[in-house]
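So the chains spell out like this:
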Amino acid sequence: MRSVQSPITGIEVKCGDYSSCTLATRVEFTLSKKPSNKKRKTSPATKRKQGQKVTPAGPKKPTGGHSKIIIGGVVVAFLAGGAWWQMSTSRFGASAAFSAVVPADLAEIEPQVRAYLEPFIRKVEATPRDAEAHSVLGQVYEANSFWPEAAECYSRALQLDPASYLARYHRAIPLRKMDEHEQAATELRDVTLAHPEFAPALHRLGDYLLDVGELDEAVSLFQRASNLKPQSSVALTGLGDALFRQGKVSLALPHLEKAVQLDGRNKKGHYLLGMVYRSLGRQELAQRELSLGLNAGKQYMPDPWTGQVESHGRRMDEAMIHAQALLAAGRAGEAIQLLEGILAWQSDHVYLLNNLASMYMETKQFAKANALLNKALALDDGQFSTFINLANCALRAGQPGTALGYANRAVELAPNIAQTYLARYHIQAALKRSGDALADLRRAFDIDPGNADVTVELAYRLLLSGDAKQAQTYYSEAIRRNPWRVGSYIGLFEASLQAGDFEQARSSIEKVRAMAPGDPNVAKMTERYNRMVPSP
């Protein structure tokens, strides 16, 4: 057995049971802040954005023209005849050597992603026969939407450890993203046969079968997943979906009702429940559920690697989504830490500066938020969103006068965007400028009449101004758009009472009692009604 040494890491690689030796070599690539005007072929990075397939490749030649950065850990194989060997001898099949998978467009991806990838690549380089190292690198690629690279990493992990059902399961995810649907289904079937108790594979295979119209088998798989995980809102949603597509509406109903009961944030569950209610002729309930299910997307059951994969997201879009999820889960510190890590590499990214500033505001770090927003303003003073955030920051810091100046500028920059008027409305209200506040709300409503939040706020302001009849109209409109918002009925009660519409007031009490029987407002509303309404 002979060995060679990496010129970058100094790591010795043994060559005995491989058909070739692996050598680590340096790759120089160019960074440029401005895109070149020179015509060239579509880059792998552009292909990724357009959803095209990108195959992992070996090292690239430097393009030159700017400062060069040297990245270690790009592994290639040198054959006996002196030719460079491709990183994989087949699409996702057996490899002659377990080298680290490296993106063909490494030089073109976001700098914070490159920096995050490098140690994982080096880990594989140091321990090429470590199945876990390949799997973790695959998780990093999966988290950042590098689908071919993720699939190849999981393939190599499976070659080293064929019993790793999680690697096999996760290999199906990038395969399907790459439209290799049949291969993905084969992987999932293998997992369900070897591990029939693994509910996530049953669910994901059921989802594939739904898409291809194999409804009977999909129902069976979702039922098995639900039996294994009876408290899984996602499994119940899949089962309800499959039954509904079979035309078994009454059978789908209890599964979907339980799904949204278990998880009120399950948008797909709400949407499907709305469709079921509509089929059953229950239009009011249908409207509510469909509104709660707007923009619903696919969802899958979590597995032991789900949290790890999500934590590896470093591309801007993936990181923003993960940070928002952390914030919603009450983990603001982790969300801030994630975005601060990206800011170290993308310090001039206005969108990132604004999002991180918003999170600082959520944790009352107004000085930090203000500093980032002023930096965003210096980079681009034409973004109305920066001025809205500056206005909110100043208002929350107790500086409504300063906030108003920022809000005025936001309105100037985007006079046809409802959010600018809504931001200024809150400042006008804080300054007790009722007339101006109401005018801004009316303008926001005119621009976005479908916004239930604006409608409720407008109704409230009209009620405060003494226009109970108009307030009653807007509360009724808000209820029409979202019939399950308890606060709208409470507002409608007050508006109706002041307008002398006692029948509507009584009806509002009954609605709140039915929707939220434990709400203390029910007793207060009843007492107020009895005090104001003359006895018959």
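Predicted model, so just to flag it, every value in this text is computed and none were measured.

## Examining the overall build of the chain
Regarding its fold elements, the chain presents 26 helices and five strands. Out of the 536 residues in the chain, the part that is buried amounts to 47%. Sequence-distant contacts, at least 24 apart, represent 57% of the contacts inside the chain between residues at least 6 apart. Approximately 26,200 Å² of the chain is accessible, and the part contributed by carbon and sulfur atoms is 51%.

## A word on helix H25 (residues 502–515)
Taking 1.5 Å per residue, 14 residues should reach 20 Å; H25 reaches 20 Å between its end C-alpha atoms and fits that length. By the burial criterion, the buried members of H25 are Ala505, Ser508, Ile509, Val512 and Met515. All buried residues of H25 fall inside an arc of 140° around its axis, so they share one side. In H25, the exposed residues that point more than 90 degrees away from the buried face are Glu503 and Ala514.

## Some details on the packing of H25 against helix H26 (residues 521–532)
The interhelical angle for the contact between H25 and H26, taken along N-to-C directions, is 160°, at an axis separation of 10 Å. As judged from the angle between their axes, H25 and H26 are roughly antiparallel. Between H25 and H26 the crossing geometry is left-handed. The segment H25 lies against H26, with Phe502, Ala505, Arg506, Ser508, Ile509, Val512 and Arg513 engaging Val522, Met525, Thr526 and Tyr529. Residues of the contact of H25 with H26, tallied by class, amount to seven nonpolar, two polar and two charged.

## Describing the pattern of salt bridges
A side chain of one charge can pair with a side chain of the opposite charge when the charged atoms of the two come close. In this structure the tally under the stated criterion is 23 salt bridges. Salt-bridge contacts for Glu477 lead to Arg480; the nearest nitrogen and oxygen are separated by 3.0 Å. Of this pair, Glu477 and Arg480 are both found in helix H23 (residues 468–481), three residues apart, which corresponds to roughly one turn of the helix. Put simply, Arg513 and Glu510 hold a salt bridge, and the shortest N to O gap is 2.8 Å.

## Here's the deal with the nonpolar core
The biggest cluster of nonpolar side chains holds 66 residues, and the ones touching the most others in it are Leu117, Ile121, Leu137, Tyr141, Tyr169, Leu205 and Val276. Excluding its chain neighbours within four sequence positions, the residues that come into contact with Tyr141 are Val101, Val102, Pro103, Leu117, Ile121, Phe146, Glu149, Ala150 and Cys153. Counting residues in hydrophobic clusters, the runner-up holds 34 residues, among them Tyr421, Tyr475, Leu497 and Met515.

## Comments concerning the environment of Leu106
Checked against the element boundaries, Leu106 lands in the loop between strand E5 (84–85) and helix H2 (111–126). Remark: the alpha-carbon pair of Leu106 and Leu117, spanning eleven residues in sequence, is separated by 9.6 Å.

## Looking at the packing of aromatic side chains
Tallying each qualifying case throughout the model produces seven aromatic pairs. Ring centres of Tyr141 and Phe146 lie 5.7 Å apart, and the angle between their planes is 55°; this geometry places the pair in the tilted category. You'll find Tyr141 and Phe146 in the same group, each marked buried. Note on Phe387 and Tyr406: the rings are 6.5 Å apart at their centroids and 45° apart in plane angle, and the pair reads as tilted. Pair noted here: Phe387 is in helix H18 (residues 384–396) and Tyr406 is in helix H19 (residues 400–413), with a separation of 19 residues, a long-range link. On the basis of relative accessibility, which here comes to 8%, the residue Phe387 falls in the buried class. An aromatic cluster is built from Tyr165, Tyr169 and Phe198, whose rings are joined through pairwise contacts. A cation over an aromatic ring shows up here: Arg314 above the ring of Tyr116, its NZ or CZ 4.2 Å from the ring centre.

## Focus on unusual backbone geometry
In this model, Ser145 sits at a positive phi of 65°, which is unusual for a non-glycine residue. Along the chain, Ser145 falls in the loop between helix H3 (131–143) and helix H4 (147–160).

## Describing helix H20 (residues 418–430)
Taking 1.5 Å per residue, 13 residues should reach 18 Å; H20 reaches 19 Å between its end C-alpha atoms and fits that length. Taken together, the buried positions of H20 are Ala418, Thr420, Tyr421, Ala423, Arg424, Tyr425, Ile427 and Gln428. Of the surrounding secondary structure, the elements contacted by the buried residues of H20 are H18, H19, helix H21 (434–447) and helix H22 (452–464).

## With respect to the packing of helix H16 (residues 350–362) against helix H17 (residues 366–379)
Contact pair H16 / H17: the axes reach a minimum separation of 8 Å and the direction vectors enclose 160°. The angle between H16 and H17 falls in the class roughly antiparallel. H17 is crossed by H16, and the crossing has left-handed handedness. Here H16 contributes Val350, Leu353, Asn354, Leu356, Ala357, Tyr360 and Met361 to the contact with H17, which in turn contributes Phe366, Lys368, Ala369, Leu372, Leu373, Lys375, Ala376 and Leu379. A breakdown of the residues in the contact of H16 with H17 according to their chemical character gives twelve nonpolar, one polar and two charged.

## Some words on the environment of Asn530
Among the structural elements, Asn530 can be located in helix H26. The exposure class of Asn530 is exposed, given its relative accessible area of 52%.

## Digging into the side chain of Asp303
Relative to the elements of secondary structure, Asp303 occurs in the loop between helix H12 (283–292) and helix H13 (306–311). In this structure Asp303 is buried but unpaired, with Arg204 as the nearest side chain of opposite charge at 5.7 Å. Within the local environment of Asp303, its side chain forms a polar contact with the side chain of His170, the two groups lying 2.9 Å apart. Excluding its chain neighbours within four sequence positions, the residues that come into contact with Asp303 are Leu166, Tyr169, His170, Phe198 and Pro200.

## Some details on the confidence of the model for the chain
The predicted coordinates of low-pLDDT regions are not to be read in fine detail. Mean pLDDT over the chain: 83, with 82% of residues reaching 70 or higher. Segment residues 1–41: pLDDT under 50, and 93 contacts once partners within four positions in sequence are set aside and those in other chains are kept. In the predicted structure, residues 57–96 sits below a pLDDT of 50 and forms 110 contacts with residues beyond four places in sequence or in another chain.

## Quick word on the environment of Gln346
Structurally, Gln346 can be placed in the loop between helix H15 (332–343) and H16. When the C-alpha positions of Gln346 and Glu110 are compared, they lie 8.6 Å apart, and in sequence the two are 236 residues distant. Those residues in contact with Gln346 that lie beyond four places of it in its chain are Glu110, Pro111, Gln112, Met316 and Leu352.

What counts and what doesn't
Chains are numbered independently. Their residues run from 1 in the order of the written sequence. Given that this is a predicted model, residues contribute local features only at a pLDDT of at least 70 and side-chain atom pairs are listed and counted only at 80 or more, while totals for whole chains, interfaces and linings are drawn from all residues. The basis for every side-chain value is the complete set of non-hydrogen atoms in the structure, without hydrogens or water. Put simply, DSSP marks the helices as runs of H or I at least four residues long and the strands as runs of E at least two long, and each gets a number from the N terminus on. Accessibility here uses a 1.4 Å probe with only protein chains present; expressed as a share of the type maximum, an area under 20% marks a residue as buried, one over 50% as exposed, and anything in between as partly exposed. Here a residue-residue contact requires only that any non-hydrogen atoms of the pair lie within 4.5 Å. Using a 1.4 Å probe, accessible areas were evaluated by the Shrake-Rupley method; residue-level cover was limited to the displayed protein chains. How far a helix is expected to stretch is found by multiplying one less than its residue total by 1.5 Å. The arc in question is the one spanned by the directions pointing from the helix axis to the C-beta atoms. Orientation is described by axes fitted as lines to C-alpha atoms, over the contacting stretch for helices, and by angles from 0 to 180 degrees between their N-to-C directions. In what follows, roughly perpendicular refers to angles from 65 to 115 degrees, roughly parallel to angles under 35, roughly antiparallel to angles over 145, and oblique to any angle outside these ranges. If you view the pair so one helix is near and one far, a crossing is left-handed when the near helix is turned anticlockwise from the far one by less than a right angle, and right-handed when it is turned clockwise. For this scheme, ten residues count as nonpolar: Ala, Val, Leu, Ile, Met, Phe, Trp, Tyr, Cys and Pro. Four count as charged, namely Asp, Glu, Lys and Arg, and the remainder, Gly too, count as polar. The working definition used for a salt bridge is a side-chain nitrogen of Lys or Arg within 4 Å of a carboxyl oxygen of Asp or Glu. The term nonpolar core refers to a set of buried residues drawn from Ala, Val, Leu, Ile, Met, Phe, Trp, Tyr and Cys, joined through side-chain atoms within 4.5 Å. Stacked, tilted and edge-to-face are the three classes applied to pairs of Phe, Tyr and Trp rings, where Trp contributes its six-membered ring and a pair requires centres within 6.5 Å; stacked means planes under 30 degrees apart, edge-to-face means over 60, and tilted covers the rest. Put simply, a charge is over a ring when the Lys NZ or the Arg CZ is close to the ring centre, within 6 Å, and near the line of the ring normal, within 35 degrees. Counting rule for charge: Lys and Arg are taken as positive, Asp and Glu as negative, and neither His nor the chain ends is counted. Whenever two N or O atoms come within 3.5 Å, that pair is a polar contact, provided that in protein one can donate a hydrogen and the other can accept it, and provided that, for residues adjacent in sequence, both atoms are side-chain atoms. Known as pLDDT, the predictor's per-residue confidence is scaled from 0 to 100.

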